[in-house]
Structures are given as C-alpha cells and as structure tokens.
Amino acid sequence: MSGLRERLGRLRGPAAAGVTPPPPAEAGGEWAQLGAHIATSPAGSFVMRLRQYGADSVHGIYRLRDLADVAAQLSCFHDGDAVVRLEELLFFDTETTGLGVGAGNVPFMVGIGYYTGELFTVEQLMIRNPAEEHAMLVYLQELLGRYTHIVSYNGRTFDWPILKNRFVLNRLKLDDAKLLQLDLLYASRSLWRNTLPSCRLSKVEESRLGFERLDDVPGSMAPALYFQYLAEKDPAILQGVFIHNEHDIVTLAALTIHFGKLLRPDVNDLDLISNLDSEELFRTGLWLDKMARPAKAEQYFNVLFEKLMNNTTAAQSAEQETDFLQLATYYKKIGQYNRAIELWKQAILLKPASISLQLEPYLELAMYYEHREKDLGQAVFYAEEAWARLWRRRALHRGDRKINEIEEAWEKRLARLQQKMRKKEMSLRALADSYPSSSDKMVITKRKKAPKPTYVSEGLI
C-alpha cells in the first residue's frame, strides 16, 4: 500500500498532477482484518479496500488479461466510432441501503475495477457514516476523468442514477456527458433470458463463466448487514459484503471477455456452438446480427437450421416447435424464403405430437403461396388444413371467445381465397372461349384456300 500514491500518479499522468490520492493504510487499524484501511484527504476520510490481480489471474474459465485482446470489439455496443481501449474501461458496482432510486437510497459501498496493462485492480470505497460520503464522492469525481466507458450490470438504470443523485445532494459536479454506459445486463438477457432460470449476475457467472461462489452473502442482505454495522461498529460484520462486491467487479471483467470473444468477426465459433442448445443458438445469432456481426450470426443460424432439420423425433417435437417457428420468422425477415418454407412445413409435420393449437405455419404458407408464388391452389390447401385443425379441436374450446375469433378469421380467409380461385377459373374459361379451337382454325384455313367458284356469267365473258 505504501506505493499507492506513486502508482496512481503514474497511471493518471501529468494532467492529473494536482490530484491528491488517499494516503497509505494506517498500521494496525481495525479495518486491517478485512484488508482495508482508512483513506484520508482534505475532503475527509472513508474506508478503502484494494485488491490486485496479476497477469495469470483466472476467474472461472477466463484469464483476466485476455480482455486486452478483445476490448476493441466492445465498440459495437454503441453507435458511431466510439473506440474502446482497455485502460479506459471502469468496472462499477455499488452496495446500497435500499432498492429504490430515490434520494433516501445511499450507496454505502462503491466498487470499481480498472486495468493497468495486465494488472487488474479492484478498489472498494465504503463510508462508516453519512458524514464520510462527501469525501468518497470527491475521490470518485477525480477518478472518473480517466475513463470513457462505465461497465456495469444494471448500472445504467440503477447504480449510476443513484450515484448521480448523491453528487447533486452533496453539491458536487459530475460531468458524465462523455461517459458511455456499457451495461452487460441487457446483453445477458438477449442471450439467456429463456435459457437460464435467472439473469442475475451470480447465475450467469456460474452457468456461463464457470465460477461458483462459496458461502456468498447475497446482495439483498447488504443493507441489513450495513445497518447492523452502524449499530455495533464491528467491521467483521461487513466482510461478506466486501467479498460479494469484489466478486461482482471481477465477474464483470470476465463477462466482458465473454462478450468480446463472441464479437470477434475473424474467429470461428463452431467448437463453442456445438455445446449450445437451440434457444441459445437462436438468441446468440439474433444478438450478433444486432451487433453488426452478420457473418458470425449466420454461423449460429446455420448450425441451428441443420440441428432442427436433422433431429425431428416425435419425443422432442413439442420443444422444437417454437425453435422452428422463430428461426423461420428470421429467415422470412431477411428474405431467405426457401429455408423459411422448409421450417414451416416441418413444423406442420410435428403437429400430431403437439397439443398446442399453433396455426402460424399454416398462415405463413397460405400468405406465401397467395402473394409471392400466386399459387392459389396451395394457398387454399393450407387454409383448409388450418380450418380442419380448428374444427377437430372445436369441442375442446367451445365457447372460447379467442378461439371463435380465430375461427372467424380463418373462415373469412378461406372464403376469400376460394372466391379468388373461382374468379381466376372464370377468367381463364372466358379467355379460352374468346379464341377459336384448333378444329375451327382448320375449317377457316380450308375455307380460305378453297377455289373461287366459276359462275355462268363469267364463262360467257
């Protein structure tokens, strides 16, 4: 800790020469049992705990230094040409006294993490009472000028607004106009909202990063433990909160590596793809397409397409039905109708094993043949199939208003298609009648070629 001042000075450069970092730890302080110390500055004092991870540090399946290789890929999280540099990422998480975002919710602990080369540093700032909040915020105010991106997990809508409120209440200026929020919660939901039981950070790190916390203090208990500390003044009460917050910060770095690796355009992910289920394949493909990685997205969709078309056993048909339809919808959106048609037809073949009344593939095929192929016969065929399916299940849904509306809609569609077919047949018949038949043409030709009769008067002449 004795070299903290020098290290901060070197990192922040000449432009920050006027900034005074907190002094080294107090020897023998009561916070030493937690690896923390009392940091004092002209603005006041607060508790600081500092942890450093070396070049070979591993968190779950990822080595922390690997972020240097993929940090530039994170630029596609934002529109424009926002360049992402490793040293300008600030990992951020708070522990608060409540769950709301109002003025009464105080962040009693702020955890931050940052890279300096291959070294990853975690700083945890904690206030022992409300009077120390000002000093902690002043330290953060001086620190934030070094960074361009704030990496968090639900920080954009929770942690950061709370922190901004505290700056306002303490009459401190926080200029975050140039700070870009990189909130990994939204990316996690895009990939795993239907795959994992929860998208909480601890669940994501356990299932996708390979890191399992032992005897972890959940974040929901942090407020109660802090109030207990305020009553008893025993730092040991907060040991679990410090460890929980530290894990959150390091997990943010590992999760950033995970998304950075997914976004690399020049890397083939077939080894990773082979271990994913259908839902995650589809969600990852959609996310990559949204993040301007269409070639990588196509890898995931191709694998999913082959997986669905080659594995159509009846036992799995009910689970696959949604996979077929959502992938077909994607191919329809990008104009690959050949694949969409295959998926819709295969979804119909799975229907006998499905108890759901899913009419989407019938509707899509009816519309496709009516409007794109102009094949009214096929359009009527799929409309009649849908109507027959509705009719067979009518007894199960008798009196259901929604089902009645669906039946009415299909009845109108079928009637309209049949009317169009009749009109087309009548127009073709009328067109055929307007032209002479082949036998009539022969008679006309013979008549034209017959010799002109010779009349008596002409012979006399």
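Remember, predicted model here, so these are calculated numbers, not experimental data.

## Notes on the overall build of the protein chain
Check the secondary structure of the protein chain and you find 18 helices and nine strands. Across the 461 residues in the protein chain, those meeting the buried criterion constitute 45%. Long-range pairs, those at least 24 residues apart, make up 68% of the contacts in the protein chain between residues at least 6 apart in sequence. Just so you have it, the protein chain exposes about 24,100 Å², and 52% of that area is on carbon and sulfur atoms.

## A look at the packing of helix α15 (residues 376–392) against helix α16 (residues 401–433)
Closest axis-to-axis distance for the α15/α16 pair is 10 Å, and the angle between their directions is 155 degrees. Classified by the angle between their axes, α15 and α16 sit roughly antiparallel to one another. Crossing angle aside, the handedness with which α15 passes α16 is left-handed. Residues Leu376, Gly377, Ala379, Val380, Tyr382, Ala383, Glu384, Ala386, Trp387 and Leu390 of α15 form the contact with α16, whose own contacting residues are Ile406, Glu407, Trp410, Glu411, Leu414, Leu417, Gln418, Lys420, Met421 and Lys424. Split into classes, the residues belonging to the contact of α15 with α16 amount to 13 nonpolar, two polar and five charged.

## Here we look at the sheet that holds strand β6 (residues 107–116)
Pairing between the strands of a sheet comes from backbone hydrogen bonds, and it takes one of two forms, parallel or antiparallel. Within the open sheet, the seven strands sit side by side as β1-β2-β7-β6-β5-β8-β9. Their pairing is mixed. Since the sheet does not close on itself, it has two edges, and those belong to β1 (36–41) and β9 (180–183), each with one partner. Pairwise comparison of adjacent strand axes, ignoring direction, gives a mean angle of 30 degrees for this sheet. Sheet topology note: the strand β5 (residues 89–96)/β6 ladder contains six bridges and is antiparallel. Directly across from Glu95, in β6, lies its bridge partner Met109.

## Quick word on the confidence of the model for the protein chain
Confidence along the protein chain averages 84 in pLDDT terms, with 82% of residues attaining 70 or more. The secondary structure element of the protein chain with the lowest average pLDDT is helix α18 (residues 456–460), at 41, and the one with the highest is strand β7 (residues 119–126), at 97. Note on residues 4–28: pLDDT under 50 across the span, and 37 contacts to partners over four residues away in sequence or across chains. Low pLDDT, under 50, characterises residues 454–461; the stretch is placed with two contacts to residues that sit more than four places away or in other chains.

## Observations concerning the packing of helix α11 (residues 294–310) against helix α13 (residues 337–349)
Two elements in contact, α11 and α13, have axes whose closest approach is 11 Å; the angle formed by their N-to-C orientations is 35 degrees. Taken as a pair, α11 and α13 cross one another with a handedness that is left-handed. Two secondary-structure elements touch here, α11 through Asn302, Phe305, Glu306, Leu308 and Met309 and α13 through Arg339, Glu342, Leu343 and Gln346. Residue classes in the contact of α11 with α13 are distributed as four nonpolar, two polar and three charged.

## Some words on the nonpolar core
General note: in soluble globular proteins, nonpolar side chains tend to be found buried as a group. Among the nonpolar cores identified, the biggest contains 81 residues, and Phe91, Phe120, Tyr153, Leu255, Phe259, Trp287 and Leu327 are the most heavily contacted of them. When residues of this core are assigned to their parent elements, the largest contribution, ten residues, is made by helix α8 (residues 239–263). What Phe259 contacts, discounting residues up to four positions off in sequence, is Phe77, Leu184, Ala187, Ser188, Leu191, Trp192 and Trp287. Leu143, Ile150, Leu172 and Ala222 belong to the second largest nonpolar core, which has 44 residues in total.

## Quick look at the environment of Leu281
Structurally, Leu281 can be placed in helix α10 (residues 278–290). The buried category is assigned to Leu281, whose relative accessible area is 0%. In this structure the C-alpha to C-alpha distance between Leu281 and Asn302, which are 21 residues apart in sequence, comes to 9.6 Å. The residues contacting Leu281, other than those within four sequence positions of it, are Ile273, Leu276, Tyr300, Val303, Leu304 and Lys307.

Calculation rules
- Residues numbered from 1 in each chain as written.
- Predicted model: local features only at pLDDT ≥ 70, side-chain atom pairs only at ≥ 80, totals over all residues.
- Heavy atoms only, no water.
- Helix = DSSP H or I, 4+ residues; strand = E, 2+ residues; numbered from the N terminus.
- Buried < 20%, exposed > 50% of the residue type's maximum accessible area, 1.4 Å probe, protein only.
- Contact = heavy atoms within 4.5 Å.
- Areas by Shrake-Rupley, 256 points an atom, 1.4 Å probe, with all protein chains shown as cover.
- Axes fitted to C-alpha atoms, helices over the stretch in contact; angles between N-to-C directions.
- Parallel < 35°, antiparallel > 145°, perpendicular 65-115°, else oblique.
- Left-handed = near helix turned anticlockwise from the far one by under 90°.
- Nonpolar A, V, L, I, M, F, W, Y, C, P; charged D, E, K, R; others polar.
- Pairing = 2+ DSSP bridges.
- pLDDT = per-residue confidence, 0-100.
- Core = buried A, V, L, I, M, F, W, Y, C linked by side-chain atoms within 4.5 Å.

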